[in-house]
Amino acid sequence: MLVLGFCGKELLLSDNIYGKLRIDYPAADILLCSTSGEIYDAAVYDDSASIVAIEFEKTGIKTVSININDMPDSFEAGKALFGGLEGEGLCYVLVISDGGLVNGSQLVKGIESVNKGNIPVTGGLAGDAAKFNYTLVGINQVPAKGNIVAVGFYGDSLKIGHSSLGGWEIFGPEKKVTRSVSNRLFEIDNKSALELYKQYLGKYADELPGSALLFPLYIRPEGSPDSVVRTILSIDNDEQSMVFAGDIPEGSYVRFMKANFDKLVDAATHAAANSLSHFPGPGSEKPKFALLISCVGRKLILGKRIDEEVEAIKEIFGDGTLLSGFYSYGEISPMKPNAKCELHNQTMTITTFNEL
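Residues numbered from 1 in each chain as written. Predicted model: local features only at pLDDT ≥ 70, side-chain atom pairs only at ≥ 80, totals over all residues. Heavy atoms only, no water.

Draft legend 1. Geometry of unusual backbone geometry. Positive phi is not limited to glycine here, since asparagine 16 has a value of about 50°. Mapping asparagine 16 onto the fold places it in the loop between helix H1 (9-14) and helix H2 (17-24). Despite not being glycine, aspartate 189 has its phi angle at roughly 50°, a positive value. (Helix = DSSP H or I, 4+ residues; strand = E, 2+ residues; numbered from the N terminus.)

What follows is the structure in structure tokens.
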């Protein structure tokens, strides 16, 4: 049995959630993480706990946990994490990572560097409300800082669907990243990236860095048709740079984006529908469980309308599918079936589970 628990950080710190679950589920693997909001059924909560116990009839499970402080870097952490799961019959991997100390982009690159069997990998980075202080993750132990957890699923009876969509409006022409280091962007088209960004923001520039949540960046690697969204975490006026929640590779192409409330909700609907495309055919059963991992940025932007994106997903799946999940500091998912997993920001990422 696998127990998933997505909880407000203060609740994890004060209420001994792990100890209580261990009493109720003595033989289960128990995965807990802190969040920026909890999802259960068709609603979004704060400072609560969304707990789901999943029992499989035919599917095997193995768990691996490492701490980023014991690894050289996030790339090597990803390699070690996936390496601990490799084995016959591995069909899917769920990754829940610390959201403050881990470079999510490098983590997924490390995973995919050793994922020779193209096993689907989804998951997300733990959250800390909108505080961006520190996060907690744990498997079969009290959650702590720096932990990265992977759950491997084995066998041929588990059917996994996945989809990740944003719903942001793109505006302006593509421009080339001419100077960047990891997740720090300095120059676009040989000009100050920060000054260019401020020009596009207009009146919102005076509200930086808070207003950056309304204007994430579209990133398309050179030579690739696929793109990801990156959230701006902070700005440095002295060195004219912007710090993002994922890497911004030199040579990649960027475009500016802006929020559209209705399109954000529509994207959640389309993500749900896309994940169901993995269960085709007349009379096919819808998944028994759907794991929803959405970005804290979406939650802050949608505000009081945040329930709408979860309600829209519930309408697609119906009452036969249990929904649970959390608002995160980053989402992990392939862009499409049989593709490598990527770190996303500002998306609704859905993973569906069914056992045949």
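Anyway, onward from the coordinates.
Draft legend 2. Quick look at the pairing of strand S11 (residues 158-165). Taking burial as the measure, the eight residues of S11 include six buried ones, the bulk of the element. As defined by bridge partners, S11 adjoins strand S24 (residues 348-355) across eight bridges and the pair is classed as antiparallel. Its bridge partner being in S24, isoleucine 160 is matched across the sheet by phenylalanine 353. (Buried < 20%, exposed > 50% of the residue type's maximum accessible area, 1.4 Å probe, protein only. Pairing = 2+ DSSP bridges.)

Draft legend 3. How the structure looks around the pattern of salt bridges. Across all of its chains, the model carries 13 salt bridges by this definition. What emerges from the salt-bridge pattern is a single network uniting Asp262, Arg305 and Glu308. (Salt bridge = Lys/Arg side-chain N within 4 Å of Asp/Glu carboxyl O.)

Draft legend 4. Inspection of the nonpolar core at higher detail. Residues Phe82, Val93, Val95, Val121, Ile148 and Ile332 are the most contacted members of the largest nonpolar core, which totals 27 residues. Elements supplying a minimum of two residues to this core: strand S6 (60-67), helix H3 (74-83), strand S7 (90-97), helix H4 (104-114), strand S8 (121-125), strand S10 (147-154) and strand S23 (341-344). Among the elements that line this core, the one with the most residues is H4, at four residues. Apart from the residues lying within four places of it in its own chain, the contact partners of valine 121 are Phe82, Val93, Val95, Ile111, Asn115, Ile332, Ser333, Pro334 and Cys341. Judged by nonpolar contacts, the second largest core, of 26 residues, contains Trp168, Val229, Ala290 and Leu292. (Core = buried A, V, L, I, M, F, W, Y, C linked by side-chain atoms within 4.5 Å. Contact = heavy atoms within 4.5 Å.)

Draft legend 5. Main features of the side chain of threonine 351. Residue placement: threonine 351 occurs in strand S24. Side-chain polar atoms of threonine 351 contact the side chain of threonine 122, separated by 2.9 Å. Discounting chain neighbours no more than four positions away, the residues touching threonine 351 are Tyr92, Thr122, Ile160, Gly161, His162, Phe289, Ala290 and Leu291. (Polar contact = N/O pair within 3.5 Å; in protein donor to acceptor, adjacent residues only side chain to side chain.)

Draft legend 6. Representation of the sheet that holds strand S22 (residues 330-334). The six strands are arranged S6-S10-S7-S8-S22-S23 in an open sheet whose pairing can be described as mixed. Strands with a single pairing partner mark the edges of an open sheet, and in this sheet they are S6 and S23. Ignoring strand direction, the axes of neighbouring strands in this sheet form an average angle of 15°. The sheet contacts of H4 involve S7, S8, S10, S22 and S23, and relative to S23 the element is tilted by about 175°. (Axes fitted to C-alpha atoms, helices over the stretch in contact; angles between N-to-C directions.)

Draft legend 7. Representation of the environment of isoleucine 139 in the model. Tracing the sequence through the fold places isoleucine 139 in strand S9 (residues 137-139). Separated by 24 residues in sequence, isoleucine 139 and serine 163 have C-alpha atoms that sit 25 Å apart. For isoleucine 139, the residues in contact, after removing those within four places along its chain, are Asp29, Ile30, Leu31, Thr63, Ser65 and Val149.

Draft legend 8. Main features of the sheet that holds strand S5 (residues 49-54). With mixed pairing, four strands are arranged side by side in an open sheet as S5-S1-S2-S9. Of all the strands in the sheet, just S5 and S9 have a single pairing partner and so form its edges. Sheet twist, expressed as the average angle between the axes of neighbouring strands with direction ignored, equals 10°. By the bridge criterion, six bridges tie strand S1 (residues 2-7) to strand S2 (residues 29-34) in an arrangement that is parallel. Residue pairing across strands places leucine 4 opposite leucine 31, the latter belonging to S2. Against the sheet, H2 touches S1, S2 and S5, its axis set at about 160° to S2.

Draft legend 9. Quick peek at the packing of aromatic side chains. In the structure shown here, the tally under the stated rule is 12 aromatic pairs. Summarising the aromatic geometry, the rings of tyrosine 200 and phenylalanine 256 are spaced 4.2 Å apart at their centres and angled 35° between planes, so their arrangement reads as tilted. Residue tyrosine 200 is located in helix H5 (residues 193-201), and its partner phenylalanine 256 is located in strand S19 (residues 253-258); the two are separated by 56 residues in the primary sequence. Ring centres of tyrosine 204 and phenylalanine 215 lie 5.3 Å apart, and the angle between their planes is 55°; this geometry places the pair in the tilted category. (Phe/Tyr/Trp six-rings, centres within 6.5 Å; stacked < 30°, edge-to-face > 60°.)

Nothing here speaks to function; it is geometry throughout.
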